[in-house]
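# Architecture and fold: a report
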There are 2 protein chains.
Amino acid sequence: MNATDLERRRNSILETIVESYVTTATPVGSKLISRKLGQSLSSATIRHVMGELEREGLLEQPHTSAGRVPTDLGYRVYVDAVMCTRRPSAEEVRQLAAVLGQDELDLEPALERAASILSQMAQQAAFVVAPTVTQGRVRQIELVPLGVRKMLCVLVADEEMIASHVIDIEESITRDEVGSLVRFLNTELTGLPFDHLLGSLERRLLAETDSFYHMVKRSLEILQHVRSTEPDERLFLDGTSYVIAQPEFRRDPRKAHALLKCLESEDALLPSLRQITVGRRVQVRIGPEVQLAGFDECSCVAATFSIGGQAVGSVGVLGPKRMDYRSLRTLVDGMAQSMTEWLHGGASI
Amino acid sequence: MNATDLERRRNSILETIVESYVTTATPVGSKLISRKLGQSLSSATIRHVMGELEREGLLEQPHTSAGRVPTDLGYRVYVDAVMCTRRPSAEEVRQLAAVLGQDELDLEPALERAASILSQMAQQAAFVVAPTVTQGRVRQIELVPLGVRKMLCVLVADEEMIASHVIDIEESITRDEVGSLVRFLNTELTGLPFDHLLGSLERRLLAETDSFYHMVKRSLEILQHVRSTEPDERLFLDGTSYVIAQPEFRRDPRKAHALLKCLESEDALLPSLRQITVGRRVQVRIGPEVQLAGFDECSCVAATFSIGGQAVGSVGVLGPKRMDYRSLRTLVDGMAQSMTEWLHGGASI
DNA sequence: GTTAGCACTCTAAATATTAGAGTGCTAACG
DNA sequence: CGTTAGCACTCTAATATTTAGAGTGCTAAC
């Protein structure tokens, strides 16, 4: 038997161990593997290989007389080099997109639903991180006077991202002034990204000679308020109850509590989730790789969805390290694709 | 010793048992009570009384040689007839309101914060149920054209309740038409409750002779879309992780899971929560009284907050039956009052 | 390279043991 | 009559003890 054959066998043994452990949550022994591999190899041989895999740090034993369990590295190798995930079929993507789009939802409820559907299909906690108006190209601004010193500012950006904020203004303002302010703002923006718009106004304010000085000042006042109030991204999280149904957390309620606490804190979660989806395709982060306190026993499978080839947000699942990476990668990939599709079709204007 | 003295003693024994059990989560025995009551009564006498209380269904024993635990009825009597809650002081209410109002938040984030603060102070899950524009008096409507067949409808109601919806319209519409539609709508509403507005338009549509027939039709199309899309109330829930930290749920993770599942389903939760806060002041619902599947081991303390004397929403905590009803009643009361106060001060325009 | 056999290890489940917390009852006391 | 000390009794929860068996590594033979 040559070297690549041997390598292939090792892989298939690792694969079988991981997949068996993922479904049963029980350390797996040599006999079981031998059986699963169709008795083509005796348990003694398997034991041999398992010994090697352990020495290389891919497996470990909870105790001497137990079967083996994959280590973080074991999962890593399984995900990167062993398991073969298929890409979701066009049909699957279409179906997901259909569910997303049915009832012609607005953007926000649709994203919420995406998280909900994903969590249900994955039987794991699922999230969607989506950009807000401050990350998009502003297409329209409307100001609704609510009194002399108060107004509602409605911002519409591409892809139906909408934000509205109540703003207190320093100097009182008349209806007519509001009208011309709106006209000024809307000629000014012409599809500019929010921050560009803000920047260009700031520069104009510095050049004090500007004939629209007052307009610029007022506009800035409003937009800066929006900038500081509106978060840069929104998080939709669903299915957290699935997580604590997992046996690893049933056995240890303290871990379950720590995890839930962590999932409750949007502020802690967002940076980690953002950092995960740097690459293009589906990303898998195992245990400590997630870089989130209290998450060492958990993994994350995430992917980005895009608009015009530009990644704008991410979807993914969160669950115990012992998760079905193979199916989940396909599923998350599909969900991300269908969201991309949906954003181009239903939601774009 | 006369009858009222005896009654008073029974009450103080029940009180001590409940409050001890609430803090320790351990069945309480006669000796402990005797000690807590300053040895004024021997454990034998306490045992006597406890026997009575058990026969009356206020207490029960998990098993023969354990102490006693309050029954649902026991808690009920404790809450209704025994414990004395103080009302929150004006100072406490003021402080809570200050925290709510700081940073001059918009309505929605303030409600979210209210739930968050309450859950933190109570160390229990906390909720806020708040009305949406469809429950308020509409003060302003703005339409933002997003294309020939699409527009954004922004509704502003009292107390800064705001909703925006993207609406597809059947017949294409020009900018000028939108302008006159907005003018028509805004003269029409004049602070009417949403449903009245809808009703009056519906009636006008039936009288087909109306000179504004087309306006009315278009307005209805828009408002009906809002009616069917916008929920009647919004739920803010926070601190669910506190619930599963409670010993009763640590011991039985299945219960914890069932409960979390239940808390995740907004649709199931809302009707129950709505029904709780029918009365005026703070309401306490114990176990099955909450009338919610999977909630038999939990209780709810809730109160309404109001605008102009009219209850519009509710705040409360959710936790195990073994909760500190006394402090929580004061706390929830205070939070409700401060929200009422805040709605009158900061938020109203 | 593969495998049967075997001695060895360690756990998890089953069983036995024990300490003690709490009870109800009784009889005595003021 | 209400109160209380005393006592036998019950039941649990914690702690040992035993046991069955799953899984291992090693060895020697194929």
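Our subject is the structure listed above.
A few points on the structure. (Residues numbered from 1 in each chain as written. Chains lettered and ligands numbered in written order. Predicted model: local features only at pLDDT ≥ 70, side-chain atom pairs only at ≥ 80, totals over all residues. Heavy atoms only, no water.)

## Some points on the protein's contact with DNA strand D
Of all residues adjacent to DNA strand D, which total 19 residues, the nearest are Ser30(A), Arg68(A), Arg9(B), Thr45(B) and Thr64(B). Here Ser42(B) contributes a backbone N or O atom positioned 3.0 Å from a phosphate oxygen of DNA strand D. Here Thr45(B) contributes a side-chain N or O atom positioned 2.6 Å from a phosphate oxygen of DNA strand D. Looking at the surface near DNA strand D, the elements that each hand over two or more residues are helix H3 (43-55) of chain A together with helix H3 (43-55) of chain B. At three residues, the largest contribution of residues to the surface near DNA strand D is made by H3(B). (Near = heavy atom within 4 Å. Polar contact = N/O pair within 3.5 Å; in protein donor to acceptor, adjacent residues only side chain to side chain. Helix = DSSP H or I, 4+ residues; strand = E, 2+ residues; numbered from the N terminus.)

## Remarks on the interface of chain B and chain A
Chain B puts 38 residues into the contact, and the matching count from chain A is 38 residues. Here Lys150(B) and Glu160(A) are joined by a salt bridge, their closest N and O atoms 3.1 Å apart. The set of elements that each furnish at least two residues to the side of chain B that touches chain A consists of strand E4 (138-145), strand E5 (150-157), strand E6 (161-168), helix H10 (240-245), helix H12 (253-264) and helix H14 (325-347) of chain B. If one sorts the elements of the side of chain B that touches chain A by residue count, H12(B) sits on top with seven residues. Classifying every residue of the side of chain B that touches chain A by side-chain character gives 16 nonpolar, nine polar and 13 charged. (Contact = heavy atoms within 4.5 Å. Salt bridge = Lys/Arg side-chain N within 4 Å of Asp/Glu carboxyl O. Nonpolar A, V, L, I, M, F, W, Y, C, P; charged D, E, K, R; others polar.)

## Structural notes on the packing of aromatic side chains
Residue and element names in this part refer to chain B. This model, assessed by the stated rule, comprises two aromatic pairs over all chains. Measuring from centroid to centroid gives 5.7 Å for Tyr75 and Tyr325, while their planes differ by 55 degrees, and the two rings are tilted. Remark: Tyr325 occurs in helix H14 and Tyr75 occurs in helix H4 (residues 72-82); sequence separation between them is 250 residues. A single burial state applies to Tyr75 and to Tyr325, both of which are buried. (Phe/Tyr/Trp six-rings, centres within 6.5 Å; stacked < 30°, edge-to-face > 60°. Buried < 20%, exposed > 50% of the residue type's maximum accessible area, 1.4 Å probe, protein only.)

## Focus on the protein's contact with DNA strand C
In the vicinity of DNA strand C, 18 residues are found, and the nearest of them are Arg9(A), Thr45(A), Thr64(A), Ser30(B) and Arg68(B). Take Arg9(A): an N or O atom from its side chain is 2.7 Å from a phosphate oxygen of DNA strand C. Contact distances for DNA strand C include 3.1 Å between a base nitrogen and a side-chain N or O atom of Arg47(B). Mapped by element, the contributors of at least two residues to the surface near DNA strand C are H3 of chain A together with H3 of chain B. The element that contributes the greatest number of residues to the surface near DNA strand C is H3(A), accounting for three residues.

## What to know about the sheet that holds strand E4 (residues 138-145) of chain A
Residue and element names in this part refer to chain A. The three strands are arranged E4-E5-E6 in an open sheet whose pairing can be described as antiparallel. Two strands bound the open sheet, and with one partner strand each, they are E4 and strand E6 (161-168). Within the sheet, the average angular offset between the axes of one strand and its neighbour, ignoring direction, is 20 degrees. With eight bridges connecting them, strand E5 (residues 150-157) and E6 associate as antiparallel partners. (Pairing = 2+ DSSP bridges. Axes fitted to C-alpha atoms, helices over the stretch in contact; angles between N-to-C directions.)

## Focus: the packing of helix H7 (residues 175-189) of chain B against helix H8 (residues 194-206) of chain B
Residue and element names in this part refer to chain B. Interaxial distance between H7 and H8 falls to 10 Å at its minimum, and their mutual angle equals 115 degrees. By the angle between their axes, H7 is roughly perpendicular relative to H8. Between H7 and H8 lies a crossing whose hand is right-handed. Counting all contacts with H7, which are made through Phe184, Glu188 and Leu189, the residues of H8 involved are Leu197, Ser200, Leu201 and Arg204. By residue class, the composition of the contact of H7 with H8 is four nonpolar, one polar and two charged. (Parallel < 35°, antiparallel > 145°, perpendicular 65-115°, else oblique. Left-handed = near helix turned anticlockwise from the far one by under 90°.)

The values are spatial; any link to function lies outside them.
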